[in-house]
Amino acid sequence: MILIFLQSSVFSLNTLVTLKVLESNERDTMAISLKLIPHLLAWFGIVLILLRGFAGRRSVVTVASIAGFVIGVTGTCILFRSFPVAIPFVVVKSALGVSFLFLWGASIAAIYRSTGRGITIFQGERRGNFPLGAGIAACMASIVAGAICTCGLPAAGSTLLTLLLLAVAAGALAYALAYSAQALDKLLPNSYTVSLSGMLVAVVALLLCSSSSLLRLDLFSPLSMKVMKGVHDFVHQFMESILIPDHLFIRSYIWKFIGLLFGKEVGFWGGLVIWFIPALLIAMAIGFERLPSVAHLRQGAKRRTVMAAAIRERRCRLVIPLLSVVVFATAAYQSSFPSVEYWDPKPLPITADQSGEITIPKKGEIDLEDGKLHKYLFKQGGREVRFFVLMTPAGQLTVDLDACAICKPDGYGQAEGSVICYYCKTLIPLDTVGKPGGCNPVPVAFSVKGENVVIDGITLVNSWSTTVQATARVKEGGK
Amino acid sequence: MLFRILKNSFLKRPKAIFLIFLSIAMGSAVATAFLGIAGEISHKMALELRSYGANILIEPSAAEGGGFLREEDLPKIKTVFWKYNITGFTPYLFGIAEFSAGGRKERGVVSGTWFTKQLEVPGEEFSIQGIKGIAPWWEVQGRWPEDADEAIIGASLAKRLNISSGSDVTTIVRGGNQKFRIVGVVTTGGYEEEQLFAPLVTVQSLLQQQGKVSRVQVSALTVPMDDFGKKDPTTMTKDEYEKWYCTAYVTSVAKNVEEVMAGSRAKPIWQIASAEGALLKKLNSVMLLLTVLALGASATAVSTSLMASMAERSPEIALMKAIGADRFQISSIFIGETLIISLAGGVSGYLLGGQLAELISRTVFNSTIASPLWLFPTAIISAFVVAIAGSIVPLRRALLIEPVTVLKG
Amino acid sequence: MSENIIETNGLTRNYGDICALKPLDLQVPEGEWLSVMGHSGSGKSTLMNLVGGLDRPSAGSLRVGGKDLLALTEDGLARFRRESVGIIFQQHHMVPYLTAVENVMMAQYFHSVPDEAEARSALERVGLGHRLKNRPGELSGGEQQRVCIARAIINSPKLLLGDEPTGNLDHKSTIMVMELLKELRAEERFTVIMVTHNQEVAAWGDRTIYLDDGVLVREERTAG
């Protein structure tokens, strides 16, 4: 049965991707589907955990999760359609941040309660297992998961019809996954229970793990940056306002320790501490949980059986928070060592005005000055020209053909500090982009008028033809 | 309770435990030592093949006499086809010299070079060339020379002369002499530590070789060599040659540079090491094989001694079973025992293996090695692997013990 | 004494061609003290092992404490042994490197969780309060057997099996051990099955059965 679900889910996954990426070929579809799989697995895990945690509310959880996922996917799509790209990312990232803060609060509450003091953090807490609470939790988590999935898809223009189809595809996918989660849940033995805090930590961990693979949604790196900055600022202020550098008590070896605080590692380790503490606190809280009182049992064997059962149950509940620690570690790892990918946007079609000039606003839909490669496709008279606009690290805008003077015009991708020629795999330092020669992209003359970059269409086409014809001729000549 | 059982079992049967501990420690020590040496060899090879740092050496071609390159050709390096891939270069002029400082006299190599030379090439952007950019791994205690009579000295030459930063060294070459103020001591881990580095101009006039350099080191961003890159350019078709020339293989960049330097021959530095590299690779695989064999042998030893102790302990296992221990509980006692021994064995194997590696590398390879951090988990893991592999058969035997037959006795 | 704790029906055990136990029908009511007598090789130990879940029958049915022992897996049998049965052997088997109290705690550990205080009081109950930290080598035969009794009853089994528990003991220790068992049985109300070839020991039971060549030949009730 699970197999059938999985088959249908693969099918709808492909539909989903195809719908989102309108003009893409088979291979792209496959590649993007593969990239989506971790996110979907994370969501699958979330649904499974919720089903376990809200045992007895399974149908509510399933329905709410599916609904949440569809809302997340379509909602984010609508956001992407109606606002600049940055806004949806900010929205999703804030949602993730809030969930992490919430986890922090919950973990502190959990550890506080484990010391034996009973407190109720909020009114609905005790009613967590009621249909409404379960539904809301499942829905919210799934909305965020769906949003992360959408952020993982490449952007493309969408019409109302495709949006509708997208919602249907997402729904089908969610349906298949949620029901396979339910089937899996039935297979698991009943003794694996999940506490409320364990459920929370697992859900947040999976969401953060899923988001950490997307550079723009990653929370860990900004967190460690913040920590580093915070520490630096604090030490600075502290030193300047309170302690004079040649103070009597500050000997040179103390400066060494102060120097440690200025190291780059402070951010990383500090970030790690903040990152892991909630999950560890929750695990500790479960570890500290009181065992049931067995004093009323007269017979030793019975007393010990009850104790052993309680200990076993506590260990079972520890599994999820400890697994979450592993998931958090994965997220931190993904964030620290992002998989190297060449930034290679799809060329945007662009046209010239009557006077034959191409005008691209610097701060339009795309920010040309963000230091990234921006590719465009210009068509004129049956000829196609690929070119890109890039701001070099020196702060100079440059317009170049997406081809060099010698290689086949396979184009360029951007890596850390350099661009790579896809044909000969040569790395070209970013600083030298815009200068002719070698395998560097061929520069094109352009002018900056006000807030626009203006390129002459004829020059562009001519430059492309001479370059490409030259390289093509060499190629033919060789055969 | 598990720990109490284990603790008492350890305390009461020290001999059997020690035997197992010994075999595990031996296996993990050998694994650590061999893997450490193999790793060190690979590390050294990787340094050799690094894509940053100097990877092309330009020397005067043997055909032309003279034996020098012209300094005036140097800026042309920045104008070649691959100019953007050339991240830096440094010229050297060498001469044997007598150094004297504080009464001591030693022979050594004086080397004129650029440290941070501001190079202006017409039509190109102004750039800074020299050792500082090309050899970022050099550790200089002190600072880099700035004036014409300042120099840095290699660590081992400095040791021989017994001087440090701030001292003065007089350099004598064929009657001519020049006084240098030492501003830094450099550690490179290579032959450079036997040299004194001074500004090129000063050394040129000292050696009376104005405008000449002995060799140039070039550092270029290159593409890793593949089968295509190894092909001989002269046998290529035009199409292939075009692709070869436009791919930044170290060989094609070298050829490119060679074209602009009159009377020069440029060779990729890795070629020098390639024969050595092939040998080291073979050595590495022998090391790996030996490691696997050593681990296998120690697993067999562990297995044998565990078998013996199982036979001795079968009444005890039978009793535990009769009292009601299931297979999981029995296994956890015995696996826990071997794991604890192997943890101890792994740690001592690591310590022992480090010493062994150093001994081997000192006597056989005549070089010191720094035991890298990854060897520790390797030692522990190999100890675990040995312990687990060695305890599979004995554990199966233990689980098959029938309380009825054993307790009958 | 309404329910039977042990019910066998045609219980048979063959070792190869040798038939150690011919089809046996036996009922033992709950709380009874049953002595099993017979000379060597009469099948009494085989019966003992079958009832204690240490061995599996070749044919027939065997129910102990409502459980069908034939249906249990190996780990299921282990669980049955630690929860429902206490066994005392002829050669007071103890783990040599553990102290008396640790030997008792080991049974607790396999059963559920160890509880040292309880193990101590169990040893005090069998009169070994002063020898808690001694290892088996430092205990006399009678003392070792008393540790084994403490260990056998620590998990409150429904059934206590003794396989010639007094076989290696002198007369004085035998009396001591038997008195102890009687006392404990009065408190804990477990069923006792004791294999012996000593008529005097057998007389401590409520009922005695005689086995010969794997066949139940005679059965008698002890008067009073």
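Conventions used here
- Residues numbered from 1 in each chain as written.
- Chains lettered and ligands numbered in written order.
- Predicted model: local features only at pLDDT ≥ 70, side-chain atom pairs only at ≥ 80, totals over all residues.
- Heavy atoms only, no water.
- Helix = DSSP H or I, 4+ residues; strand = E, 2+ residues; numbered from the N terminus.
- Buried < 20%, exposed > 50% of the residue type's maximum accessible area, 1.4 Å probe, protein only.
- Areas by Shrake-Rupley, 256 points an atom, 1.4 Å probe, with all protein chains shown as cover.
- Salt bridge = Lys/Arg side-chain N within 4 Å of Asp/Glu carboxyl O.
- Contact = heavy atoms within 4.5 Å.
- Buried area = accessible area lost by both parts, 1.4 Å probe.
- Polar contact = N/O pair within 3.5 Å; in protein donor to acceptor, adjacent residues only side chain to side chain.
- Pairing = 2+ DSSP bridges.
- Axes fitted to C-alpha atoms, helices over the stretch in contact; angles between N-to-C directions.
- Expected span 1.5 Å × (residues − 1).
- Core = buried A, V, L, I, M, F, W, Y, C linked by side-chain atoms within 4.5 Å.
- Parallel < 35°, antiparallel > 145°, perpendicular 65-115°, else oblique.
- Nonpolar A, V, L, I, M, F, W, Y, C, P; charged D, E, K, R; others polar.

On to the overall build of chain C. The helix and strand tally for chain C stands at seven helices and ten strands. Out of the 224 residues belonging to chain C, those deemed buried represent 58%. Within the structure as shown, chain C displays about 9,200 Å² of accessible surface, and the carbon and sulfur contribution to it stands at 46%.

Moving on, we come to the pattern of salt bridges. A side chain with one charge can pair with a side chain of the opposite charge if their charged atoms come near. Under the definition given, this model contains 39 salt bridges over all chains. When the shortest N-O distance is used, the salt bridge between Arg 181 of chain B and Asp 168 of chain B registers 3.7 Å. In this pair, Arg 181 of chain B sits in strand β10 (residues 176-187) while Asp 168 of chain B sits in strand β9 (residues 168-173), placing the two residues 13 residues apart along the sequence. When its relative accessible area of 40% is taken as the criterion, Arg 181 of chain B is described as partly exposed. A salt bridge links Lys 255 of chain B to Glu 259 of chain B, with the shortest nitrogen-to-oxygen separation between them at 4.0 Å. Here the residue Lys 255 of chain B and the residue Glu 259 of chain B both occupy positions in helix α8 (residues 250-260), the gap between them amounting to four residues, near one helical turn. A single network of salt bridges, built from pairs that share partners, joins Arg 4 of chain B together with Glu 102, Glu 116, Arg 120 and Lys 133 of chain C.

On to the interface of chain C and chain B. Where the parts come together, the accessible area they lose is often given as the size of the interface. Across the boundary between the two partners, chain C contributes 31 residues, which contact 27 residues of chain B. Note on chain C versus chain B: buried area summed over both sides is about 2,700 Å², and carbon and sulfur give 59% of it. A per-residue breakdown of the area chain C buries against chain B is headed by Tyr 97, Tyr 109 and Phe 110 of chain C, which together make up 28% of the total. For the pair chain C and chain B, the number of links is four salt bridges. Here Arg 4 of chain B ties to Glu 102 of chain C by a salt bridge, and the two come within 2.9 Å at their closest N and O atoms. At the junction of chain C with chain B, the criterion picks out eleven residue pairs in polar contact (both at pLDDT 80 or more). Those elements giving two or more residues to the side of chain C that touches chain B turn out to be α1 (44-51), α2 (74-84) and α3 (100-111) of chain C.

For the rest of this paragraph, the subject is the sheet that holds strand β4 (residues 383-391) of chain A. All names here are of chain A. Pairing in this open sheet of five strands is mixed, and the strands run β1-β3-β4-β5-β9 from one edge to the other. Only two strands of the sheet have a single neighbouring strand rather than two, namely β1 (348-350) and β9 (441-443). Across the sheet, the mean angle from the axis of one strand to that of its neighbour is 40°, orientation sign disregarded. Of the strand pairs in this sheet, strand β5 (residues 397-404) and β9 are connected by two bridges, and their pairing is antiparallel. For Cys 404, the partnering residue across the bridge sits in β9 and is Pro 441.

Our focus in this paragraph is helix α5 (residues 141-153) of chain C. All names here are of chain C. The end-to-end C-alpha distance of α5 is 19 Å, a good match for the 18 Å that 13 residues give at a rise of 1.5 Å each. Within α5, twelve of the 13 residues are buried, which leaves the element mostly enclosed by the surrounding structure. Among the residues making up α5, those that are buried are Gly 142, Glu 143, Gln 144, Gln 145, Arg 146, Val 147, Cys 148, Ile 149, Ala 150, Arg 151, Ala 152 and Ile 153.

Let's shift gears to α1 of chain C. Most of α1 of chain C sits out of view: eight of its eight residues are buried. In the stretch just after α1 of chain C, Gly 53 of chain C is the one whose phi turns positive, near 75°.

Let us now look at unusual backbone geometry. Residues and elements named next belong to chain B. Backbone geometry places Asn 162, a non-glycine residue, at a positive phi of 55°. Position of Asn 162 relative to the elements: it lies in the loop between α4 (155-161) and β9. Owing to a relative accessible area of 57%, Asn 162 belongs among the exposed residues under this scheme. A positive phi angle, close to 55°, is found at Gln 208, a residue other than glycine. The topology assignment puts Gln 208 in the loop between α5 (200-207) and β12 (212-213).

Our focus in this paragraph is the pairing of strand β8 (residues 150-154) of chain B. Residue and element names in this part refer to chain B. Within β8, five of the five residues are buried, leaving the element largely enclosed by the surrounding structure. Strand direction decides the pairing type here: β8 and β10, joined by five bridges, are parallel. Of the residues in β10, the one forming a bridge with Ile 152 is Gly 184. Inspection of the sheet shows β8 paired to strand β11 (residues 195-199) by two bridges, in the antiparallel sense. Note on β11: the bridge partner recorded for Ile 152 is Phe 197.

Moving on to the pairing of strand β2 (residues 18-29) of chain C. All names here are of chain C. Two elements, strand β1 (residues 4-15) and β2, share eight bridges in a ladder whose sense is antiparallel. Counted as the bridge partner of Leu 11 is Leu 24 from β2. Linkage of β1 to β2, two consecutive antiparallel strands, is achieved through a turn of two residues, within which Gly 16 is found at a positive phi near 65°.

Turning to the nonpolar core, a few remarks are in order. Membership of the largest hydrophobic core comes to 87 residues, with the highest contact counts inside it found for Met 320 of chain B together with Leu 47, Met 106, Leu 123 and Ile 193 of chain C. With eight residues, the top contributor of residues to this core is α3 of chain C. If near-sequence neighbours (up to four positions away) are discounted, Ile 193 of chain C is found in contact with Ile 6, Val 28, Leu 34, Val 36, Met 48, Val 51, Leu 159, Leu 160, Leu 161 and Gly 162 of chain C. Core analysis: the next-biggest nonpolar cluster, separate from the first, contains 77 residues, Leu 163, Ala 205, Leu 217 and Ile 320 of chain A among them.

Residues and elements named next belong to chain A. Orientation of helix α5 (residues 131-152) relative to helix α7 (residues 196-212), taken along the N-to-C sense of each, is 10°, at an axis distance of 10 Å. Classed by the angle they form, the pair α5 and α7 counts as roughly parallel. Facing α5, whose interface residues are Ala 141, Val 144, Ala 145 and Ile 148, α7 presents Val 203, Leu 207, Ser 210 and Ser 211. A per-class count over the contact of α5 with α7 returns six nonpolar, two polar and no charged.

In short, shape yes, function no, at least from these values alone.
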